[in-house]
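# Topology and contacts: notes
Next come the chains, spelled out residue by residue.
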Amino acid sequence: MEAVTLSSINTARSRIGDAIHLSPCQLSHHLSERIGLPIYLKLENLQRTGSFKERGALNKLLTLSPEERERGVIAASAGNHAQGVAFHATRLGIRSQIVMPQATPLVKVVSTRGFGAEVVLHGANYDEACEEALNRCTQEGLTFIHPFDDPVVIAGQGTIGLELLEQVPDLEAVVVPIGGGGLISGVACALKERNPKIRVIGVEPEKLPSMLRAREAGMPVTIAPQATIADGIAVRRAGDVTLPLVSRYVDEIVTVDDEEIASAILMLLEQEKNPR
């Protein structure tokens, strides 16, 4: 399996090129005043589908052989990964199927279909949707685009780290959310290989700290399902590819409860909705 390295992340950046928006890294006056230090926000919500997930999905799609493109791709997701795969697959002329849990909010289902994917609703949760996607992958000869546990996907997400180094040259610490670990693995590798002094701090929902438990156990462990407001990072098991990268490059993992997450969302809506 291909390794995630600074070289592979640089290659990913060249590969995805202008198809991915160079999102601004904006100084937050409100947060900076509260904390007493300059705090910047990397605005990946300004990507076409509203999420960084496009980076990894596109990098993976661009590495497919002509035969794989012809057969099509499949993914399991309840939201951001689904839309990233759907949008760029359609743009590249690749047929895509997305298996989403039956309880997926209608707005996400409609959006994914709107980007050109065939949406299949299956299962009560992500795990069941993923199992169905893997079955269809085998039966129909499709290529599975994993949301986080794939070195090519991770390298795509790591392009954010390269941008951060250029946008904030005196960067001292970066805080990154953790679900399965794809984003933080790529970003941390890019940052630490260029400047080992930068601290990388991961944040997980208190109810589903799968990466924290994996680091404690020294191996991925499956934790019990829990409902959390942070549904986009509600992953029960850390990745086999991401765990070693997180163990190597991430300095600290902290957890936050749903009340803290809700308060942060409200603050961002109230204070950061207009650049100033």
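That block above? That's the structure.
The paragraphs below set out a description of the structure included in this document. Quick caveat: nothing in here was measured; it's all calculated off a predicted structure. Residue positions are given per chain, counted from 1 along the sequence in the order it is written. Totals for whole chains, interfaces and linings use all residues, but because this is a predicted model, local features are given only for residues with pLDDT of at least 70 and pairs of side-chain atoms are given and counted only at 80 or more. Excluded from the side-chain calculations are hydrogens and water; all other atoms, namely the structure's heavy atoms, are used.

### So, the sheet that holds strand 8 (residues 199–205)
Formally: At least two DSSP bridges between two strands are needed for those strands to be called paired. Each helix is a run of DSSP H or I of at least 4 residues and each strand a run of E of at least 2, with the numbering of both proceeding from the N terminus. For helices, the fitted axis covers only the stretch in contact; all axes are lines through C-alpha atoms, and the angles between them, taken along N-to-C directions, range from 0 to 180 degrees.
With parallel pairing, the 3 strands of this open sheet are ordered in space as 7-8-9. Each of the sheet's edge strands pairs with one partner strand only, and the pair in question is strand 7 (173–177) and strand 9 (252–256). Strand-to-strand twist in this sheet, taken as the mean axis angle between neighbours without regard to direction, amounts to 30°. Pairing of strand 7 with strand 8, which is carried by 5 bridges, proceeds in the parallel orientation. Looking at strand 8, one finds that Ala 173 is bridged to Arg 199.

### Concerning the sheet that holds strand 3 (residues 73–76)
We apply this condition: Throughout, a residue-residue contact means that at least one pair of heavy atoms, one from each residue, lies within 4.5 Å.
Strand order in this open sheet of 4 strands is 5-4-3-6, and the pairing throughout is parallel. With one partner strand each, in any of the chains shown, strand 5 (118–121) and strand 6 (143–144) form the two edges of the open sheet. Here strand 3 runs beside strand 6; their pairing, made up of 2 bridges, is parallel. Among the inter-strand pairings, Val 73 is bridged to a residue of strand 6, identified as Thr 143. Running at roughly 170° to strand 4 (residues 96–100), helix 5 (residues 80–91) makes contact with strand 3 and strand 4 of the sheet.

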